Amino acid sequence: MLNLLSEGFARLFKSKLLYVMLLIYFIFCFLEFAGIRTIIEYLPSSDYLLFSFHEIILLCVLIVAGKFVSSDFTNNTIRYKITGGYTRTQIYMSNWIISVFIGLFYLFVTQIFAMTVGFAMVGKGDFPSDEYPYYLMLSALVLIEHLSCILFMVTLMKKFSGAVFTYLFYIMSPFVASIIIIFSSNEQTVDLVEKFVEDFFPLFQSDILTSQADIPKYPHNILMPIYDAAVTIISIFGGIFVMKRSDIK
Amino acid sequence: MENVLQTNGLTKKYGRFTALKNVTMTVPKGAIYGLVGKNGAGKTTIIRIVCGLHNASDGELSLYGISNRDKKITQMRKKISAVVETPAIYPNLSAKNNLLLQYKLTGKNPDKIDELLNLVGIPDTGKKKAKDFSLGMRQRLGIAFSLVNEPDFLVLDEPINGLDPQGIVEVRELLLKLNREKNMTILISSHILDELSKLATHYGFVDKGTIVKEMSSEELENAVKKSMLITVNNTMLLAPVLMEKNLDYKIVSETEAEIYSHINVTTLVHDLAEKGCEVITMTEKSESLESYYMSLVGGADNA
């Protein structure tokens, strides 16, 4: 397993995509900050500075992690891991660890960047807020859930399109929810569906994190971590099941 | 003799299509086992199951006596290495960096990279990315990949595809060297039968997803039809003598005939001389591996 991780990290750090996406990400962050500077007094919380680009992280890690995992399938280099005596569970878990690392790496880099810029903009006073560790934990959980879903889909499809489908799924899900809401006469059902969509999908969780409006209020503070943990665990077990049953080219 | 690989009733189905049907084969230690078969016969599927890339629908295989149903099979797989169909490489990395990753995967010290690149005949590729390599160079890099873990059992699927004539000779010599010097067992599939016949010590003939015949090179040598091509001044004089001796023969032209039965050359030449038939040349001919394969799988329809 350590050899798998060693190979994986070496491959990740040799990949230009990691750095190109990081550069693009910094440009986004810079533009975001430039925009925030003009509206800083209207923000719900000064922590907005720290989490305002959470949705961009989702997209960046989707590309980096999706490409990282899918390239092993498309280049057929995964063969060497299987014929080299590693179990499929070990291969899946090493991919998961590296994918999660990518997510946390982007989150860490963002926080360093945002803290530095944030201190310059708002000063040390009440920045970051007391709730910062909780926001940070939620951000990490959302990213881990997101990356677990990507890894599952890429393993299922053995192509980068698996990652793209994950994102499309997030985007399409509100439409499905809307259809349910339109055809539902029961207000309780409507409420339930709305809450589910908000708390369940990383894209919408991220939206909540970005807006800083509802966290850590009930029910998001309870539902989001539960959903994140549940989806992560289910997707890991599902991914290992798919991996074990797959025929590799 | 210890067997490196043994399969028993291996079956693989893709939906309703049965790609492999009850494949039973044995690869002895130290052998160069040639899997012979036309495209789509099932060679690659066998190799993929042996390497653990595909799961068999039914049947069993054992590597070094450990069944694929036993969890220890993954440990046995550490002894094998494979190049399946197209060589798997990281296209955006140089040959050295490709091998460096493979060394990390095996946990071995990467001190033999240059030696390995030299061995497979691509010593001077520098920073050139693998995606810019020719098919032959990729094939060689793929073989280098497979040698990183110093395997005891090497599995190669069509390894000479894309190689130039010199490359074919070099790969053949490399495989023979690995087999002789390191006692490496090699399972090699190919549809270039004459090339395979220069290497293999054992053969498995595959057709329509089954092993139709398994034999050693000595057995094959004995099984292939041998004949004697005789050139004389007039086959009209030759035929009565052969008929009198009750020999199996075929007149090819006015001056040539093929004799399939075992003959005593001295007696035959003496008898022909008595009838005024002058023998010009006599050459022993062997049926090619190709012809033998064709006779096994049912003729030209299967070519």
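Keep in mind that this is a model prediction, so the values were computed, not measured.

## With respect to the overall build of chain A
- Each helix and strand in chain A was counted, giving eleven helices and zero strands.
- Counting helices and strands in the order they occur from the N terminus, chain A gives α-α-α-α-α-α-α-α-α-α-α.
- A buried classification covers 52% of the 249 residues belonging to chain A.
- Long-range contacts, defined here as pairs at least 24 residues apart, represent 81% of the contacts in chain A between residues at least 6 apart.
- When the accessible surface of chain A is summed, it comes to about 11400 Å², and 71% of that surface belongs to carbon and sulfur atoms.

## Details of the overall build of chain B
- When helices and strands are tallied, chain B shows eleven helices and 14 strands.
- Computed over its C-alpha atoms, the radius of gyration of chain B comes to 24 Å, more than 25% above the 19 Å expected for a compact globule of 303 residues.
- By principal-axis analysis of the C-alpha atoms, chain B measures approximately 75 × 45 × 35 Å.
- Sorting the 303 residues of chain B into buried and exposed places 49% on the buried side.
- Restricting the contact set of chain B to residue pairs at least 6 apart, pairs at least 24 apart contribute 68%.
- Distance between charge centres in chain B, computed from 37 positive and 37 negative side chains, equals 12 Å.

## A word on the interface of chain A and chain B
- At the interface, 28 residues of chain A touch 31 residues of chain B.
- With both sides pooled, the region where chain A packs onto chain B buries about 2500 Å², and carbon together with sulfur makes up 53% of that total.
- Of all residues in chain A, the largest losses of buried area upon contact with chain B belong to Arg79, Tyr80 and Thr83 of chain A, amounting jointly to 28% of the total for that side.
- Taken together, the connections running from chain A to chain B amount to one salt bridge.
- Between Lys12 of chain B and Asp247 of chain A there is a salt bridge, with its nearest N and O atoms 2.8 Å apart.
- Among the secondary structure elements, those contributing two or more residues to the side of chain A that touches chain B are α1 (2-14), α5 (78-83) and α11 (220-245) of chain A.

## As for the domain arrangement of chain B
- Domain annotation of chain B identifies domain 1 (3-222) and domain 2 (226-286).
- Taken over C-alpha atoms, the centre of domain 1 of chain B sits 46 Å from the centre of domain 2 of chain B.

## Topic: the nonpolar core
- In this structure, Tyr106 of chain A together with Met25, Leu141, Phe153 and Leu187 of chain B are the most contacted members of the largest nonpolar core, which totals 138 residues.
- Per element, the largest residue contribution to this core is eleven residues, and it comes from helix α4 (residues 54-74) of chain A.
- Sequence-distant contacts of Tyr106 of chain A, defined by excluding residues within four places in its chain, comprise Leu18, Met21, Leu22, Tyr25, Ile57, Cys60, Val61 and Val64 of chain A.

## Section: the sheet that holds strand β10 (residues 210-216) of chain B
All names here are of chain B.
- One open sheet accounts for six strands, arranged β6-β7-β8-β3-β9-β10; its pairing is mixed. A single partner strand is all that each edge strand has here, and the edge strands are β6 (80-83) and β10. Recorded for the sheet is a direction-independent mean angle of 15° between the axes of neighbouring strands.
- Both strand β3 (residues 32-36) and strand β9 (residues 202-207) contribute to a ladder of four bridges, which runs parallel.

## Comments concerning the pattern of salt bridges
- The final tally for this structure, using the stated rule, is 13 salt bridges over all chains.
- Salt bridges sharing common partners tie together Glu7, Arg11, Asp72 and Lys81 of chain A.

## Focus on the packing of aromatic side chains
- All told, the structure shown has eleven aromatic pairs over all chains when counted by the stated rule.
- Relative to Phe101 of chain A, the ring of Phe13 of chain A lies with its centre 6.0 Å away and its plane at 80°, an arrangement referred to as edge-to-face. Of this pair, Phe13 of chain A sits in helix α1 while Phe101 of chain A sits in helix α6 (residues 88-122), and the two are 88 residues apart along the sequence.
- Classification of Phe13 of chain A as partly exposed rests on a relative accessible area of 38%.
- On the accessibility criterion, Phe101 of chain A (28% relative accessible area) is partly exposed.
- Ring centres of Tyr80 of chain A and Phe145 of chain B lie 4.7 Å apart, and the angle between their planes is 20°; this geometry places the pair in the stacked category. Of the two residues, Tyr80 of chain A is situated in helix α5 and Phe145 of chain B in helix α5 (residues 135-147); the pairing between them involves two chains. Just as Tyr80 of chain A is buried, Phe145 of chain B falls in that class too.

## Some remarks on a nonpolar patch on the surface
- Side chains of Val164, Phe165, Leu168, Ile171, Met172 and Phe175 of chain A sit close together on the surface and give an oily, nonpolar patch of about 540 Å² of accessible area.
- Along the polypeptide, Leu168 of chain A turns up in helix α8 (residues 161-183).

## Digging into the confidence of the model for chain B
- Mean pLDDT over chain B stands at 84; residues scoring 70 or higher make up 96%.
- Scoring the predicted complex yields pTM 0.78 and, for the interface, ipTM 0.74.

## Here we look at the sheet that holds strand β2 (residues 17-28) of chain B
Residues and elements named next belong to chain B.
- Spatially, four strands are ordered β2-β1-β4-β5 in an open sheet, and the strand pairing comes out antiparallel. Taken across any chain shown, the strands that pair with only one partner, and hence form the sheet edges, are β2 and β5 (66-67).
- The strands that helix α1 (residues 43-51) touches are β1 (3-14), β2 and β4 (58-63); relative to β2, the one it contacts most, it runs at about 65°.

## Some points on the pairing of β9 of chain B
- Across the six residues of β9 of chain B, five count as buried, placing the element largely inside the fold.
- Count of turn residues in the β9 of chain B/β10 of chain B antiparallel hairpin: two residues, of which Lys208 of chain B carries a positive phi of about 50°.

## Concerning the pairing of β2 of chain B
- Here eight bridges tie β1 of chain B to β2 of chain B, and the two strands are oriented antiparallel to one another. Within β2 of chain B, the residue paired with Lys12 of chain B across the bridge is Leu20 of chain B.

## A short note on helix α11 (residues 289-297) of chain B
- Of the residues making up α11 of chain B, those classed as buried are Leu289, Tyr292, Tyr293 and Val297 of chain B. The buried residues of α11 of chain B all sit within an arc of 120° when viewed along its axis, so they share a single face.

## Observations concerning the packing of α1 of chain A against α4 of chain A
All names here are of chain A.
- Where α1 contacts α4, the axes come no closer than 11 Å and their chain directions differ by 120°. Relative to α4, α1 is oriented oblique. Considering how the two elements wind past one another, α1 and α4 form a crossing that is right-handed. Facing α1, whose interface residues are Gly8, Arg11 and Leu12, α4 presents Val64, Phe68, Ser71 and Asp72.

What counts, and at which threshold
Residues numbered from 1 in each chain as written. Chains lettered and ligands numbered in written order. Predicted model: local features only at pLDDT ≥ 70, side-chain atom pairs only at ≥ 80, totals over all residues. Heavy atoms only, no water. Helix = DSSP H or I, 4+ residues; strand = E, 2+ residues; numbered from the N terminus. Buried < 20%, exposed > 50% of the residue type's maximum accessible area, 1.4 Å probe, protein only. Contact = heavy atoms within 4.5 Å. Areas by Shrake-Rupley, 256 points an atom, 1.4 Å probe, with all protein chains shown as cover. Rg over C-alpha atoms; globule rule 2.2 N^0.38 Å. Lys, Arg positive; Asp, Glu negative; His and termini not counted. Charge placed at Lys NZ, Arg CZ, Asp CG, Glu CD. Buried area = accessible area lost by both parts, 1.4 Å probe. Salt bridge = Lys/Arg side-chain N within 4 Å of Asp/Glu carboxyl O. Domains from an automatic or database assignment. Core = buried A, V, L, I, M, F, W, Y, C linked by side-chain atoms within 4.5 Å. Pairing = 2+ DSSP bridges. Axes fitted to C-alpha atoms, helices over the stretch in contact; angles between N-to-C directions. Phe/Tyr/Trp six-rings, centres within 6.5 Å; stacked < 30°, edge-to-face > 60°. Patch = residues over 30% accessible without salt bridge, like charges linked within 9 Å, V, L, I, M, F, W, Y side chains within 5 Å. pLDDT = per-residue confidence, 0-100. Arc of directions from axis to C-beta. Parallel < 35°, antiparallel > 145°, perpendicular 65-115°, else oblique. Left-handed = near helix turned anticlockwise from the far one by under 90°.

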